[in-house]
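Spelled out, the chains give:
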Amino acid sequence: MLIGYARISTADQTLALQEDALHQAGCEKIFKDVISGSTTERPGLSDAMEYARAGDVLVVWKLDRLGRSLAHLIQVVQQLQAEGIGFQSLQENMDTTTPGGQLIFHIFGALAEFERSLIRERTNAGLAAARARGRVGGRPRRLAPEQVRMVQQLMESPDTTAQQVADTLHVSRATLYRALKQAEELM
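Throughout what follows, the structure given in this document is the object of discussion. Every chain begins its residue count from 1, and numbering advances along the sequence as written. In keeping with the predicted nature of the model, local features appear solely for residues at pLDDT of at least 70, side-chain atom pairs appear and are counted solely at 80 or more, and the whole-chain, interface and lining totals rest on all residues. Here the side-chain values reflect all heavy atoms present in the structure, with hydrogen atoms and water set aside.

A closer look at the side chain of Gln88
Residue position: Gln88 is located in strand 4 (residues 86–89). Accessibility here uses a 1.4 Å probe with only protein chains present; expressed as a share of the type maximum, an area under 20% marks a residue as buried, one over 50% as exposed, and anything in between as partly exposed. A relative accessible area of 17% means that Gln88 is categorised as buried. Gln88 has contacts with Val57, Leu58, Val59, Val60, Met94 and Asp95, leaving out every residue within four places of it along the chain. By the criteria applied, helices consist of DSSP H or I runs no shorter than four residues and strands consist of E runs no shorter than two, each listed in order from the N terminus. The contact definition used throughout considers only heavy atoms, calling two residues in contact when any of these lie within 4.5 Å.

Written as structure tokens, this is what we have:
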């Protein structure tokens, strides 16, 4: 069974073009959303995916009607494939029920993975450059280096407990132990 999904971003737009194309393609049932593409919650898409059964094919007029991004599109199509449901995009002539359509979809997946790798690489390079300039990311340390030295001295005393020191500095024992561990690693 061919199941259609149509989406427009605002009520000012019309679904007529998409609906006509989906009917012409042979869709027996069409689910619709009037919602921005950036929105994660799409009731019409959720209903279409719940309605579809193994062997069915979800059809969209254009790829951008289904996914917010390439990564989201790939996630949705992989979910469909896991349930034995095919996917077709009319404008791009993509059909995952054919070997050629599966190849194109896998190329899209490889491109998305490549894009994620590039983003990760750029992020790591930026962090390394910041560290080289003396900037350290993350949350500021709760205890200053001089406080950590004081804690080390206090903890050497058999009369002082970690809880007493933590209470005095208004930190948790976990913060205290973490600061001590980091100080040991630097030595």
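Re unusual backbone geometry
Positive phi values are uncommon outside glycine, yet Asn93 reaches one of about 50°. With respect to the helices and strands, the residue Asn93 is situated in the loop between strand 4 and strand 5 (94–95). Residue class for Asn93 comes out exposed when judged on its relative accessible area of 68%. A positive phi angle is found at His170, which is not glycine, with a value near 60°. Counting through the fold element by element, His170 comes out in the loop between helix 6 (162–169) and helix 7 (173–186).

Some remarks on the packing of helix 5 (residues 145–156) against helix 7
If you want to describe how two helices pack, look at the angle between their axes and the distance between the axes. Axes here mean lines fitted to C-alpha atoms, for a helix over just the part in contact, with angles spanning 0 to 180 degrees between N-to-C directions. Remark: helix 5 packs on helix 7, axes separated minimally by 10 Å, with the N-to-C direction vectors making an angle of 100°. The angle between helix 5 and helix 7 places the two elements in the roughly perpendicular class. Contacts between helix 5 and helix 7 involve Val148, Val151, Gln152 and Met155 from the former and Leu176, Ala179, Leu180 and Ala183 from the latter. Angle categories: roughly parallel below 35 degrees, roughly antiparallel above 145, roughly perpendicular from 65 to 115, and oblique for all the rest.

Observations concerning the sheet that holds strand 3 (residues 57–60)
The pairing criterion is simple: DSSP has to find at least two bridges between the two strands. Judged by pairing direction, the sheet is mixed, and its 5 strands sit side by side in the order 2-1-3-4-5 without closing on themselves. Lying at the two open borders of the sheet, with one neighbouring strand each, are strand 2 (29–34) and strand 5. Strand direction decides the pairing type here: strand 1 (residues 2–8) and strand 2, joined by 6 bridges, are parallel. By the bridge assignment, Arg7 is partnered in strand 2 with Asp33.

What to know about the packing of aromatic side chains
Planes of paired rings set the category: under 30 degrees apart is stacked, over 60 is edge-to-face and the rest tilted, where pairs are Phe, Tyr or Trp rings (Trp by its six-membered ring) whose centres lie within 6.5 Å. All told, the structure shown has 1 aromatic pair when counted by the stated rule. We call a charge positioned above a ring when the Lys NZ or Arg CZ atom is no farther than 6 Å from the ring centre and deviates by at most 35 degrees from the ring normal. A cation over a ring is seen here: Lys29 above Tyr51, with NZ or CZ 5.6 Å from the ring centre.

Some remarks on the nonpolar core
Counting 21 residues, the largest nonpolar core has Tyr5, Leu45, Leu58, Leu66, Val77, Leu80 and Phe87 as the members making the most contacts within it. For this core, the element with the most residues is helix 3 (residues 70–82), which contributes 5 residues. Those residues within four positions of Tyr5 in sequence are excluded, and the remaining contacts are Leu22, Phe31, Asp33, Arg42, Gly44, Leu45, Leu58, Val59, Val60, Trp61, Arg65 and Leu66. The term nonpolar core refers to a set of buried residues drawn from Ala, Val, Leu, Ile, Met, Phe, Trp, Tyr and Cys, joined through side-chain atoms within 4.5 Å. In terms of nonpolar packing, the next biggest core, distinct from the first, is built from 12 residues, Ala162, Ala166, Val171 and Ala179 among them.

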